Amino acid sequence: MASSASAEGAALQDELDALNAQITKQGSHVRALKKASSNADEVASAVDALKKLKIEAESLRQKKEALDPTAQFNRKSFDELILRKMFIVPSFEIHGGVKGLFDLGPPACALKAAMVDAWRKHFVLAESMLEMECTCLTPAAVLKTSGHVERFTDLMVKDPVSGECFRADKLLEDAIDELLEATPDMPTEEREGHLRIQIQADAFSPAELDEQLAKYGCKAPSGEAYGPSFPFNLMFKTSIGPEGTAVGYLRPETAQGLFVNFRRLLDANAQKMPFAAAQIGLGFRNEIAPRSGLLRVREFCMGEIEHFVNPDDKSHPNFPSVASKELVLFGRDDQLGSGKTKTVTVGDAVASGLVNNETLAYFMARTQLFMEKIGMDPARLRFRQHLTTEMAHYACDCWDLEIQSSYGWVECVGHADRACYDLAVHSKATKTPMVATMKLDEPREVSVAKLKFDRKALGKTFKADQRVVSGALEALAEDWADFEPIATALETEGKTTVDGFDITKDMVTWKKTSKKVHEIKFTPSVIEPSFGMGRILYSLLEHCFYQRDADEQRCVMRFKPAVAPQKCAVLPISSGEEVNAVVDAIAAELMESDLATRIDKSTATVGRRYSRADEIGVPFAVTVDFDTLTNGTVTLRERDSMKQIRLPKSDVTRLVFDFVHGRCSWQEAMAKYPVVQVKED
C-alpha cells in the first residue's frame, strides 16, 4: 500500500514538474509581451492561459499532499512554539502591533548572533575580505544614482477619512476582477475591454489611474471616493539636519556604501585585484503588504559581499577547492523545459557554460557549504537561474539560492554578476574615477589618440567644467577603440556628446598614434552574493523543527551545536545544597569556555526539564545525580537520540566544547564513555 502511494506520488510530482515548467515559460511570455507593449487582446489571452495553468498546478499539489498527510508541515504547533518560547514576537504587541515589524526574543537573538558569527568566519575571515559598517541613513543623491529612487515608486491613493493608503493599480485590478466575477454572462467584447484596462493598470499615469478608479466606482473603506493618486516610494524617506532641506533615505540594501568606498577599499588592499568587501547590517523597505512572517518585513538584516574582479578575467584562485562540490541547479532551460532540477558539480557547471564564470560559481558553492554548516536541510536547497526576462540589462548571470519552507521555494541568497554597472554609474555621477590597475608581464603596444585642446573654446563654453570635459576626453583617448566613435562623429557631424557635455569639432584636434603601456586601467566588475539573514533564520527554524514520533506534543528544535542558542543544560536530580553546588560549578566552567548554558533547578521532573531544553534546541544536557556526590560522574544526554553517557564531571566542558567546534561526534563519545539507560518520564 505504501509502495503504491509512493509510486503515485512520484508520478504526480513528474506531472507537477512539467506543469511548473509550462507556468514559468508562460510567465516569461507574458512579461515579454507587456515589455514589448503588445496587442492588449494578445496579452489578455496569455494572462488567462497562465491563470489556468496555476489553477491546475495547485490542484495537483493538493492531490499529492493528500497521499501523505504526515509529510505536511504542522504550522499550528510550529507557530505556537515560536511564540510561546519567544523566538519571534510581534513588535509593540501591547499597542496593537505594526505589520511587517517583529522582535527577536532571547532564543532567536542568540541563534541569529551565532548564525552571523558563522557567516563572518565562513566568508569574511576565511576569504580575507574587507569588512565595513556603513551608515543606514543615505543621501538621496546616492540612491538616485543607483536607480533606487525611480525603481521603488508605486502609485498610491488615500482614504480621505481614515488616511489609510492603498496601492492604486491593485485596487483597479481587484475592482475589475470583482466586476467580471459578478457578471459571468457579460458579452465577450465588453469583457475583453475591461481586461485590456486591467492589464495596463500598472502603466497608467496618476491622472489616468484616477479616472479609471472613478469609472469603476472604487470607494475607500469609509465609503468616500479615494483621494488623488500620488507616487509612493518603498524606501523610508527622511530629512538630514534641522533645516529639512537635505533629503535622505533609510537604505534599502547595504551594497551602496561599499560601492562608494571602492577607491579607499582598493587602497586598503594595497591596490591588489581581485578583492572582496563585505557588510552585515540592516536594510529597510516600506512594504505595502508585509506578509509570510519574517519572509517579507519592513526592517531586515542583510549580509552582502561585493567581489571586485577584472571583467576580462573572472577566474577564482580557490575555485579548485569547490570544483567537485555538487549543487542542485535549476537552469533557465530546465525551468522552461522539463521543470526538473539537475545535480551538477560546480566544475561541470562552469565548463558547460551553465554558470557564467568561476567566481560566481565559487560563491554559489561556498553559500551551499555555509547553509549545510548551520544546519539547513540540503534536500530543501536549490539554485534557480534568473530567466532572461527577469535580469537587469547590465547583468551577466544571476542565481538565487532558494530554500524550501512551508511557504514554498523562497529566495534567500542572490548571486549576481552585476558587471561594471554599479561603479560606472557612481563614477559618472560624481566625476570620480572608479578604476583599478593591472600590471602587465610584458609591455604592450596600444593605439591611442593624441589630443590638443582649444582651451579658449572650452573655457568659453564650459567655464568651470572645462577640466571635467577635457578629463573625460583624455580618458577615452587612452584607447583608440573608445575614442574612435567620438572622432567619427566629430568628423561627420561636427559635434558629439560626452558625459552629457556637447563637444564641437573646433574644441579639440586629435591624431591616432601608439604607445607602450606597462599597465592597464579598468572599471571592475562586481560579483555580489546577497544574504537575507531574516529569511535564512526563519527557514532554519522550520528546517530544525520536528515532533517526536512517540509524542507529538513534544516539539524539538534540531539546531546544530555550533549555532544552538544555548549549548548545554545543567540539571540537578534533587534540590539538595550539595547537588546544586555541583550544578553551579559545572555551569560556571562551561560559561568560562564561552559555552552558553541553561540551568534548570525547577521542581519539574527531569524528563519535563529535558523537554523544555529540547523546545529551544539545547543539544546537550548534564544531569547531576546522587552518583555524582560519591564518584564524581554525571550523565550527558544528546537531544536528538535521547541517549546518555556517564563521564567524569571534569570531562564535561572539554567534550561539549569539542562537540560545538566539530572536533568530536556523539558516536565517538559513546564509543569512549559507557552508555546508560535512562527512562524519560
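For the structure itself, look to the data block above.
Here is a short report on the structure shown in this document. (Residues numbered from 1 in each chain as written. Predicted model: local features only at pLDDT ≥ 70, side-chain atom pairs only at ≥ 80, totals over all residues. Heavy atoms only, no water.)

1. Digging into the overall build of the protein
Our working definition: Under the scheme used here, helices are H or I runs from DSSP no shorter than 4 residues and strands are E runs no shorter than 2 residues, and both carry numbers assigned from the N terminus. Only protein chains enter the accessibility calculation, which uses a 1.4 Å probe; a residue is then buried when its area is under 20% of its type maximum, exposed when over 50%, and partly exposed in between. Contact definition: two residues touch when any of their heavy atoms are within 4.5 Å.
Looking only at helices and strands, one finds 24 helices and 29 strands in the protein. In terms of overall dimensions, the protein has a C-alpha envelope of 100 × 75 × 60 Å along the principal axes. Within the protein, buried positions represent 47% of all 681 residues. In the protein, the share of contacts with a sequence separation of at least 24, taken over all contacts with a separation of at least 6, comes to 67%.

2. Details of the sheet that holds strand β21 (residues 525-532)
So the rule is basically this: Being paired, for any two strands, means DSSP has found at least two bridges between them. Throughout, an axis means a line fitted to C-alpha atoms (over the contacting stretch in the case of helices), and angles, computed between N-to-C directions, take values from 0 to 180 degrees.
The strand order β3-β10-β11-β21-β16-β15-β14-β12-β13 describes an open sheet built from nine strands, whose pairing is mixed. Strands with a single pairing partner mark the edges of an open sheet, and in this sheet they are β3 (130-131) and β13 (342-345). As judged from the ten bridges shared by strand β10 (residues 275-284) and strand β11 (residues 299-309), these two strands associate in the antiparallel manner. In the strand pairing of β11, Gly283 is matched with Phe300. Running over the sheet, helix α4 (residues 106-125) touches β3, β10, β11 and β21 and is turned about 160 degrees from β10.

3. Considerations on helix α9 (residues 206-215)
We apply this condition: The arc in question is the one traced by the directions running from the helix axis out to the C-beta atoms.
Looking only at α9, the buried set comprises Leu209, Gln212 and Leu213. One side of α9 holds all its buried residues, which, seen down the axis, span an arc of 100 degrees. Residues of α9 that are exposed and angled more than 90 degrees away from the buried face: Ala207, Glu211, Ala214 and Lys215. Positive phi appears at Gly217, one or two residues downstream of α9, with a value of about 65 degrees.

4. Side note on the packing of helix α7 (residues 168-182) against α9
Packed helix pairs are specified by the crossing angle of their axes together with the interaxial distance, meaning the distance between the axes. Selection criterion: Each angle receives one of four descriptions, namely roughly parallel if under 35 degrees, roughly antiparallel if over 145, roughly perpendicular if within 65 to 115, and oblique otherwise. Handedness of each helix crossing follows the sense of rotation of the near helix against the far helix: counterclockwise by less than a right angle gives left-handed, clockwise gives right-handed. Put simply, Ala, Val, Leu, Ile, Met, Phe, Trp, Tyr, Cys and Pro go in the nonpolar bin, Asp, Glu, Lys and Arg in the charged bin, and everything else, Gly too, in the polar bin.
The N-to-C vectors of α7 and α9 enclose an angle of 30 degrees; their axes lie 10 Å apart at closest approach. Taken together, the axes of α7 and α9 are roughly parallel relative to one another. The two elements α7 and α9 cross, and the hand of that crossing is left-handed. Where α7 abuts α9, its residues Ala168, Asp169, Leu171 and Leu172 lie against Leu209, Gln212 and Leu213. Per-class residue counts for the contact of α7 with α9 are five nonpolar, one polar and one charged.

5. Notes on the state of the cysteines
To keep it simple, the criterion reads: Here, two cysteine sulfur atoms that lie within 2.5 Å of each other are counted as a disulfide.
With the rule as written, the count across this model stands at zero disulfides. Here Cys136 is not disulfide-linked; the sulfur of Cys134 is the nearest cysteine sulfur, at 9.5 Å. The class of Cys136 is partly exposed, set by a relative accessible area of 26%. Cys396 takes part in no disulfide bond, and the closest cysteine sulfur, belonging to Cys420, lies 8.1 Å away. The partly exposed category is assigned to Cys396, whose relative accessible area is 34%.

6. Comments concerning the packing of aromatic side chains
Note the cut-off: Pairing of aromatic rings covers Phe, Tyr and Trp, the last through its six-membered ring, and needs centres within 6.5 Å; plane angles under 30 degrees mean stacked, over 60 mean edge-to-face, and all others mean tilted. Charges are assigned to positions over rings by a cutoff of 6 Å between ring centre and Lys NZ or Arg CZ, combined with an angular limit of 35 degrees from the ring normal.
As enumerated under the stated definition, the model contains 23 aromatic pairs in all. On the numbers, 5.9 Å between centres and 55 degrees between planes, the contact of Phe123 with Phe370 is tilted. Linking Phe123 in helix α4 with Phe370 in helix α14 (residues 358-374), this pair joins segments that are 247 residues apart in sequence. You'll find Phe123 and Phe370 in the same group, each marked buried. A cation over an aromatic ring shows up here: Arg75 above the ring of Tyr407, its NZ or CZ 4.4 Å from the ring centre. Positioned over the ring face of Trp409 is Arg382, at 4.3 Å from the centre of the ring.

7. Some details on the pattern of salt bridges
Heads up, the condition is: Salt bridges are defined as contacts in which a side-chain nitrogen from Lys or Arg sits within 4 Å of a carboxyl oxygen from Asp or Glu.
Summed over the entire model, instances satisfying the criterion amount to 30 salt bridges. The salt bridge partner of Glu615 is Arg84, with a shortest N-O separation of 3.0 Å. With a gap of 531 residues between them, Glu615 in helix α21 (residues 606-615) and Arg84 in helix α3 (residues 75-84) connect regions that are remote in the sequence. In this structure Glu615 comes out as buried when scored by relative accessible area, which is 4%. In this structure Arg84 comes out as partly exposed when scored by relative accessible area, which is 40%. In the salt-bridge network here, residues are joined through shared partners; they are Glu80, Arg84, Lys85 and Glu615.

8. Details of unusual backbone geometry
In this structure, the amide linkage connecting Met273 to the following residue, Pro274, adopts the cis form with an omega of -10 degrees. Tracing the backbone shows Pro274 in the loop between α11 (262-268) and β10. Of note in the backbone geometry, Ala419 takes a positive phi value of approximately 55 degrees without being a glycine. Following the sequence through the fold, Ala419 ends up in the loop between β16 (408-417) and α15 (421-430). Positive phi, normally seen in glycine, also occurs at Asp499, with a value near 50 degrees. Along the chain, Asp499 turns up in the loop between β18 (495-498) and β19 (501-504). Owing to a relative accessible area of 40%, Asp499 belongs among the partly exposed residues under this scheme.

9. Here's the deal with a nonpolar patch on the surface
Formally: In this scheme, patches are assembled from residues that exceed 30% relative accessible area and form no salt bridge. Like charges are connected within 9 Å, while nonpolar side chains (Val, Leu, Ile, Met, Phe, Trp, Tyr) are connected within 5 Å. Here the Shrake-Rupley method, with its probe set to 1.4 Å, supplies the accessible areas, and only the displayed protein chains count as covering residues.
Together, Ile573, Phe626 and Leu629 give the surface a local cluster of nonpolar side chains, amounting to about 270 Å² of exposed area. On the secondary structure map, Leu629 appears in helix α22 (residues 626-631).

10. Thoughts on the packing of helix α20 (residues 577-592) against helix α23 (residues 652-660)
Their axes nearest at 9 Å, the elements α20 and α23 cross at an angle of 40 degrees. Between α20 and α23, the crossing angle belongs to the class labelled oblique. Here α20 runs over α23; the crossing is right-handed. On α23, the residues that touch Ile586, Glu589 and Leu590 of α20 are Val652, Thr653 and Val656. Residue composition of the contact of α20 with α23, by class: four nonpolar, one polar and one charged.

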